[in-house]
Amino acid sequence: MALENHKVFRRTSIDIRTGRISIKDLVCYLSLLEAGRPEDKLEFVFRLYDSDGNGLLDASELECIVNHMMTVAEYLGWDVSELKPILQDMMVEIDYDADGTVSLEEWKRGGLTTIPLLILLGLDAKVKDDGTHTWRLKHFNKPAYCNLCLNLLVGLGKQGLCCVFCKCTVHERCVARAPSSCITTYVKSRKAAQAMSHHWVEGNCAGKCDKCRKSIKAYNGVTGLHCRWCKVNLHNKCASVYRPECDCGDYKQHILPPISICPAVLERQRNGKKELNRSDSSYENLDSDSAFASQGTSSFQVTPCTGTIPLVVFVNPKSGGKQGTRVLRKFQYLLNPRQVYDLIKDGPMSGLVFFKDVPQFRVLCCGGDGTVGWLLDAMDKMNFIHRPPVAVLPLGTGNDLARCLRWGGGYEGENLGKVLLRISRSNQVMMDRWQIEFSADDHKSDERGDAIPCNIINNYFSIGVDASIAHRFHVIREKHPEKFNSRIKNKLWYFECGTSETLASTCKNLHEKIDIMCDGSVLDLGSGPSLEGIALLNIPSIYGGSNLWGERSTRKKRGKMTKFERKERDREHSSGSLSSVDLSVVIQDIGDRQIEVVGLENSIHVAQVKGGIQSGRRLAQCSSVVIRTRQRFPMQIDGEPWMQPPCTISVTHKNQVPMLMAPPFAKKSSIFRFLRR
């Protein structure tokens, strides 16, 4: 709701001195608090405190705002002993022209760039009081007891409620009496160095005591203690002699403990007044939420503990069926909930802004290849000094990027604690990204195609037969989404689309209708076998794990080639202008600033590549590609298909981004491999 269209403030409906406010203005305030844009919230407060309606905030009106901020800080439980002078200094800083009053433009400029006004005014939903449980209905596979009435939870379905953050368990009838005793995610004072304390939750502790190594008899009732942070289990009697400091357990390298997070204004209080550059122009062009997210201030100051590399997790709940939602909840329990973000609800910017001043951290993206591309695009806008590396938990369908980085072809419900340990042992690698631009053909500019899904290649780009199959599949799925509710059905429909393309051959003799120039040299496509598809590869995985470029040809394998195979290979390599390079020995790498050009003969060839029987026809390896098409063709970028009219396509290197390569899985012993036969 924009304030330009709806005036939510009227001087006749509110009196700042008597404290009276109309119901209409209250409803508008609540609406802005939940869903309004940052600039709308700031304008509402400005007009609320501009009691004389002259469009300026004078000293008395600014003092009322400072008192409001003090009330908000006290309500949140912050340390306010020395806060008021800092707030008064902030009000002086907002007066950019130093004329003694604050205009609406100065107010919004300060609130969107340097001064955390939304936080101090209680209008930032990200800063809320800790301690409130987040309940969800749960079915317990083992006997569980209520933490309030101490009785057993019984029932055939979901027997009770369990807190996502701390695992406190209650009956549905008892939840109204549950105290606000959930975890603290940040500290409210920076007066002295604080030690991390355990957060004990009583009962429902299965396993052995980490102190005396004896079993905890959880089936006898509410007995035993479990620390939510370090995950240790103790007998009640053993807790009194256990060390009071919490080290966050096996995942301490990834966890951002509460003592590392403080509201930004309190950190400002400790570090002293921040010098303001009155010529600051960062407010310019702040006309969208993305600009605010990339240049605005974070609600918190984050200071990781020494020797740790905190992990920020982005989860796409729509990926992998219900897997995304389960993964989101599990990570909220394993880590600090402020490290875990729902991409559908919050988008990537909120988490990136939260961590933007942290010198070293890692990113885990839980989703498919499209989700990873979305996150990488958002990170491009952040202008990190040290860009964090990204790991991938594959929740999508193809997961080609996750496969080539050794994170697997799909998440199968394994222990997420093991995933965290693998991240700690991963290695950083650089991955190329490519800019792709389309310019319409001047002679056929009136022909219109579909919208181009993106202009960056992370995995691959293709024209022709494989894109035609993907486009057929996409059209049917958009028209009848109810027919695509399982992976098996998706594969059957994909097979049907491939069969239809085999019979139709819509891209027959594609090589005669396109021109390809690699690094300024034209590829001669007419002398080789006829082609129905062209693919540009950035990573060695396509179609859900197939290697289209093919494995490297070793000397031993080349020695075993027959005379006919050598002649066929020489014929294929001579079809390109880069024939001086033996492409059979060229290695594909995701960070070599080179992109591979591969040809596909027909849909049968695509099926053979998919089955691992054959690889594509290698055409070139280069640093730039220009393709000119002379008719309408199906195309796809990273699995997103569309129909494109005749055009000129330019592919150039965009940048390199750090990614995390998972450690190789330990090889199983020979006896286990023998038993699996």
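Computed from a prediction, not measured in an experiment: that's the story for all the values here.

Caption draft 1: Spatial organisation of the pairing of strand β19 (residues 460-464). Within β19, five of the five residues are buried, leaving the element largely enclosed by the surrounding structure. Strand direction decides the pairing type here: β19 and strand β22 (residues 533-537), joined by five bridges, are antiparallel. Across the sheet, I463 pairs through a bridge with I534, a residue of β22.

Caption draft 2: Looking closely at the nonpolar core. Counting residues in each nonpolar core, the largest one holds 111 residues, and the members touching the most others are W107, F331 and M659. Core analysis: the second largest hydrophobic core is formed by 29 residues, L510, L531, I534 and C622 among them.

Caption draft 3: Expanded view of the sheet that holds strand β27 (residues 640-644). Read from one edge of the open sheet, six strands run β24-β23-β22-β19-β26-β27, paired in antiparallel fashion. For this open sheet the edge positions go to β24 (617-622) and β27, each flanked by a neighbour on one side alone. Here the average twist between neighbouring strands, direction ignored, is 20°. Across the sheet, helix α16 (residues 465-479) is in contact with β19, β22, β23 (595-600), β26 (633-637) and β27; its angle to β19 comes to roughly 90°.

Caption draft 4: The environment of T132, seen in detail. With respect to the helices and strands, the residue T132 is situated in the loop between α6 (117-120) and β5 (135-138). Taking the C-alpha atoms as reference points, T132 and A178, separated by 46 residues in sequence, lie 9.6 Å from one another.

Caption draft 5: Region of the structure containing the environment of P179. In this structure, P179 sits in the loop between β7 (169-170) and β8 (200-202). A residue is classified by how much of its surface remains accessible, and P179, at 45% relative accessible area, is partly exposed. Between the alpha carbons of P179 and H133 there is a distance of 8.6 Å; along the sequence they are 46 residues apart. Not counting the four nearest positions on each side in its chain, P179 is found in contact with H133 and L148.

Caption draft 6: Here's a closer look at the pattern of salt bridges. Under the counting rule described, the total for this entry stands at nine salt bridges. Linking D380 and R433 is a salt bridge whose minimum nitrogen-to-oxygen distance equals 2.5 Å. Note that D380 is positioned in helix α13 (residues 369-380) and R433 in strand β17 (residues 427-440), a separation of 53 residues in sequence. Residue class for D380 comes out partly exposed when judged on its relative accessible area of 22%. Given a relative accessible area of 0%, R433 falls into the buried group. Within this structure, D377, D380, R387 and R433 form a network of salt bridges that share partners.

Caption draft 7: Spotlight on the environment of H653. Along the chain, H653 falls in strand β28 (residues 647-661). A relative accessible area of 24% places H653 in the partly exposed class. A sequence separation of 218 residues divides H653 from Q435, and the C-alpha atoms of the two residues are 6.0 Å apart. Contact partners of H653, with chain neighbours within four places excluded, come to D432, R433, W434, R593 and S623. At 3.0 Å, the side chain of H653 and the side chain of D432 are in polar contact.

What counts, and where the lines are drawn
Residues numbered from 1 in each chain as written. Predicted model: local features only at pLDDT ≥ 70, side-chain atom pairs only at ≥ 80, totals over all residues. Heavy atoms only, no water. Buried < 20%, exposed > 50% of the residue type's maximum accessible area, 1.4 Å probe, protein only. Helix = DSSP H or I, 4+ residues; strand = E, 2+ residues; numbered from the N terminus. Pairing = 2+ DSSP bridges. Core = buried A, V, L, I, M, F, W, Y, C linked by side-chain atoms within 4.5 Å. Axes fitted to C-alpha atoms, helices over the stretch in contact; angles between N-to-C directions. Contact = heavy atoms within 4.5 Å. Salt bridge = Lys/Arg side-chain N within 4 Å of Asp/Glu carboxyl O. Polar contact = N/O pair within 3.5 Å; in protein donor to acceptor, adjacent residues only side chain to side chain.

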